[in-house]
Amino acid sequence: MTLPSFTLNNAWDAPLSDELRKDYMHDLRRFLDARYHSDTAIFPDKDHLFRAFDLTAPQDIRVVILGQDPYHGAGQAHGLCFSVQRDVKIPPSLRNIYKELHSDLGIAPASHGCLEEWAKQGVFLLNSVLSVEQGKAGSHQGHGWEDFTDAVIAHINTLDQPIVFMLWGAPAQKKATLLDNANHLILKAPHPSPLSAHRGFLGCKHFSQANDFLKKNNIDTVDWALTDAQGALQLNPL
C-alpha cells in the first residue's frame, strides 16, 4: 500500500505548495505511512484523506465548517467533517446538525449522513486533524495536521470573496485567531455533540445567517437540502 503524495493535484496545490514541502509535512507523511501499514485501522481510507480538497476548490468556497478529527468508527469517515457514507448510521452530532437545519430553515432531516452535496456547492468541510485510529478519538493529534489545517485556514482568510466560517465548539473557535479579514463572517456556537448541543448550538440559526450574508453580498446561497440516491429530496424524519 502506497500513501498518496502530499500533492493535491487540484486548485489547492499552488496556494499550499510551500506548506506541503515543509519538514513537518514530510514527518507527517512518514508517520501516516507507518500507521497505514500497521495492523491498526486508520480512518478515513488513505485515498480520502484530502476529499474535502477534492470537492471544494478555494475559489468556490462560500462556507467553511470546521470539525475536530474524523469519526473513529469503522466505515464512517470519508474525508469531510461531520459527514459519513450514505449506508452508515447517522452519528449523533450530525443528527443535531439536521435538527438545527430543520428548525432554522424548515428543511426536513435527510435519511443519510453524506454531505458531499454541500461540499460541491462550496461548503468546505474541514477537520483540524485529517486522520484517526479506530476507536481512539484524537489519536493523530500533535503529528502535524494542526499546522497544515492552520495554514489552509490562513490562506482562506486571505481570499477576497466573502466567506462564512461556522466555528462549532472550543477547538474550532480557537481557529478564529487566524481570521482577520473583514470581508468574512464568523459564526460561533457550541459543538453539535449531544453533550453540548443544548448549550446554544440548537437555536443558533447559523444556516439562515449564512445564506442571508451570502445573499447580501450577491453570492448564490447554499441549498442545504440533501437528496437521496435517486435524486429525490429526503423527507424522512429522524
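Here, every reference points to the structure presented above.
What comes next concerns the included structure.

Procedures and definitions
- Residues numbered from 1 in each chain as written.
- Predicted model: local features only at pLDDT ≥ 70, side-chain atom pairs only at ≥ 80, totals over all residues.
- Heavy atoms only, no water.
- Helix = DSSP H or I, 4+ residues; strand = E, 2+ residues; numbered from the N terminus.
- Rg over C-alpha atoms; globule rule 2.2 N^0.38 Å.
- Buried < 20%, exposed > 50% of the residue type's maximum accessible area, 1.4 Å probe, protein only.
- Contact = heavy atoms within 4.5 Å.
- Phe/Tyr/Trp six-rings, centres within 6.5 Å; stacked < 30°, edge-to-face > 60°.

### Regarding the overall build of the protein chain
Okay, step 1: On a plain count of helices and strands, the protein chain comes out with eight helices and six strands.
Okay, step 2: Mapped from its N terminus to its C terminus, the protein chain presents α and β elements in the order α-α-β-α-β-α-α-β-β-α-β-α-β-α.
Okay, step 3: A globule of 238 residues ought to have a C-alpha radius of gyration of about 18 Å, and the protein chain, at 17 Å, matches this closely.
Okay, step 4: Overall, the C-alpha framework of the protein chain stretches about 45 × 40 × 35 Å when taken along its three principal axes.
Okay, step 5: When burial is assessed residue by residue, the protein chain has 53% of its 238 residues classed as buried.
Okay, step 6: Residue pairs in contact within the protein chain that sit at least 24 positions apart in sequence constitute 68% of those at least 6 positions apart.

### Things to note about the packing of aromatic side chains
Okay, step 1: Here the structure, examined in full by the defined rule, presents 14 aromatic pairs.
Okay, step 2: Summarising the aromatic geometry, the rings of Phe53 and Phe148 are spaced 5.8 Å apart at their centres and angled 45° between planes, so their arrangement reads as tilted. Of this pair, Phe53 sits in helix 3 (residues 51-55) while Phe148 sits in helix 6 (residues 145-158), placing them 95 residues apart in sequence. For the pair shown, Phe53 and Phe148 are each scored as buried.
Okay, step 3: Seen in terms of ring centroids, Phe82 and Trp168 are 5.7 Å apart; in terms of plane orientation they differ by 55°. Their pairing is tilted. Here Phe82 is found in the loop between strand 2 (63-67) and helix 4 (92-105), whereas its partner Trp168 is found in strand 5 (residues 164-168), with 86 residues between them in sequence.

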